[in-house]
Amino acid sequence: MADVVILGAGISGHTAALHLSRMLGRRSLGKEHTVTVVSPNSNWNWIPSNIWVGVGKMRKPDVVFPLEPVYRRKGIAFRQAKAVAIWPQGDEQDPRGAVDIVATAPGHAGEADKIRYDYLINATGPRLRFEATEGLGPEGHSLSVCTADHATEAAARLDEVIGRLRAGVPQTLVVGMGHGTCTCEGAAFEYVFNVDHQLREAGVRDLARLVYLSNEAQLGDFGVDGMTFEERGFQTSSELWTASLFRERNVEAILGAHVERVTEGVVHYETLDGAHHRLAFDFAMLLPPFGGVPLQAFDRTGADITAELFAPSGFMKVDADYTPKPYDEWRASDWPSTYLAPGYDNLFAVGIAFAPPHQISRPRTSANGTVIAPSPPRTGMPSGVMGKTAARTIVDRIKHGASAEPHRASMADMGAACVASAGAGLRTGSAASMTMNPVVPDYSRNPTGRDLSGTRGEIGLSGHWVKLMLHHLFLYKAKARPGWQMIPE
């Protein structure tokens, strides 16, 4: 009998749980094996569609659903709680690993418990570090679309801005990154063009100044050092491709920017040249930097081993090469492939929970020494693949022994797609669709770092249809409807 515990019910954790249920067999769960998901949230959120919630094209119920009924149907135990500590070597009472949790469910909030495991998947996702920038976030002076509730608030504030524009009052709207080390540039890119679409649909675009504020040194970097697209034998950079869209839509771009603080109606930021600036706004959606969810780690005697298991960022160390190296020595092979924590054959970290070995974009600092460079993205598609990969390894080790070879899925081998769609209807809307293969460029295999046949950029209505289709397909998959496993991660 094996007990599997998954921390987090986002894309990685939820995917792992569903595949474990499928591969171990629904009838065996609770009898031969257990799969337990621990998450402080009771709902699952398809985060990519929060962008549409953030402009009022969708509502919160369109992008969330309760987890417990899905898990009950699949034989998966669900604990609404937050994990606070890991005991990977067990403790003096039991040599099996354990996790300390604190309940967050209504009526049980604050109750502590310890769960034993044979296999643990850390899929806790990101901690939204609004505190990294003074005045950032919904509790400060800016907005967010990181959660469905944040996006709902952003949509309401955008409606207020449109109302003032209709009354003839010019408005400045700022969308982008709220810190020099943020990730998710693609989400900010998509949101700014959805805002543009809303303003045009309302007939008020001419009175609005729309600004994209980013830590990217060039447009089209997206935290992956940009891309090269090839069509009909002609190569172009994602920088030129993206810049053409900004010119067409009259969106201003401020690049290489680190937001130092946000005050009422003003963004204060530093640029790579070391200069400090102020930008007045009427509406600002600025994404926060991410950190690991706070977890402590202890050895069997109770000694603190947090620094051994986790990087200073709070993300868990896995089978990556964390040796500090100059940029020119970074290699695709530095990136993890099994997501196993060093020294443990039963402890995984997947999705956003694992610590990247280094950035993908070129590291940069301002003239003042401030780090202004995107952190590595770990988007939905790779996160789902990682969750499934960890699940497959666990199932093989349950069935064939702990020496079974782990499955592998490096971001230096897997591709990803980004569809930045504006509008949410079948007949209107457009999308900037991009694919890259692999996510982490490998210059030892490809002169441009990526396979040109799998790295493309297109703009048009067809991409918008794809985004709509993906919205419905992935919600269907996440609800584990019949045939869900046939939909790729």
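Provided above is the structure to which this section pertains.
Below or above, wherever it landed, is the structure these notes cover. Once a new chain begins, its residue numbering starts again from 1 and follows that chain's sequence as written. The predicted nature of this model means local features are confined to residues of pLDDT at least 70 and side-chain atom pairs, given and counted, to a pLDDT of 80 or more, with totals for whole chains, interfaces and linings taken over all residues. Values shown for side chains rest on all heavy atoms present in the structure; no hydrogens or waters enter the calculation.

## So, the nonpolar core
Counting 122 residues, the largest nonpolar core has L20, I121, L173, F189, Y191 and M411 as the members making the most contacts within it. In what follows, a contact means two residues having at least one pair of non-hydrogen atoms within 4.5 Å. Setting aside anything within four residues of it in sequence, one finds F189 in contact with Y212, F222, T242, L245, F246, A420, A432 and M434. Judged by nonpolar contacts, the second largest core, of 15 residues, contains L213, A257, V259 and L286. Residues belong to one nonpolar core when they are buried, are Ala, Val, Leu, Ile, Met, Phe, Trp, Tyr or Cys, and are joined through side-chain atoms within 4.5 Å. Per-residue accessibility, obtained with a 1.4 Å probe over protein chains only, is compared with the maximum for each type, and a residue is labelled buried under 20%, exposed over 50%, and partly exposed between these values.

## Considerations on the state of the cysteines
Pairs of cysteine sulfur atoms within 2.5 Å are what we label disulfides. Following the criterion strictly, the structure yields zero disulfides and no others. No disulfide involves C146; its sulfur sits 6.9 Å from that of C184, the nearest cysteine. With relative accessibility at 14%, the residue C146 sits in the buried group. Of all cysteine sulfurs in the structure, the one in C184 sits closest to C418, which takes part in no disulfide; the separation is 10.0 Å. Among the residues examined, C418 registers a relative accessible area of 25% and is labelled partly exposed.

## Here's the deal with the sheet that holds strand β16 (residues 266-271)
Taken in spatial order, the three strands of this open sheet run β15-β16-β17, and their pairing is antiparallel. If you trace the sheet from one side to the other, it starts and ends with β15 (257-263) and β17 (276-280), each paired once. On average, adjacent strands in this sheet sit at an angle of 25° to one another, irrespective of strand direction. In this analysis, strands are considered paired if DSSP registers two or more bridges between them. Only DSSP runs of H or I covering at least 4 residues are called helices, and only runs of E covering at least 2 are called strands; the numbering of each starts at the N terminus. Judged from the five bridges that link them, β16 and β17 form a sheet pairing that is antiparallel. Among the inter-strand pairings, V267 is bridged to a residue of β17, identified as L279. Lines fitted to the C-alpha atoms define the axes, with helices restricted to the stretch that makes contact. Angles between their N-to-C directions range from 0 to 180 degrees.

## Overview of the sheet that holds strand β18 (residues 283-287)
A sheet is described by the order of its strands in space; here four strands give the open sequence β14-β11-β10-β18, paired in parallel fashion. Of all strands in the sheet, those bounded by a partner on one side alone are β14 (252-254) and β18. Within the sheet, the average angular offset between the axes of one strand and its neighbour, ignoring direction, is 15°. Bridge analysis of strand β10 (residues 171-177) against β18 gives five bridges, and the strand direction is parallel. For G176, the partnering residue across the bridge sits in β18 and is L286. Helix α4 (residues 148-166) contacts β10, β11 (208-213) and β18 of the sheet and is inclined by roughly 150° relative to β10. Set on the sheet, helix α5 (residues 185-201) makes contact with β10, β11 and β18; between it and β11 the angle comes to about 175°.

Shape is all these values report; function is a separate question.
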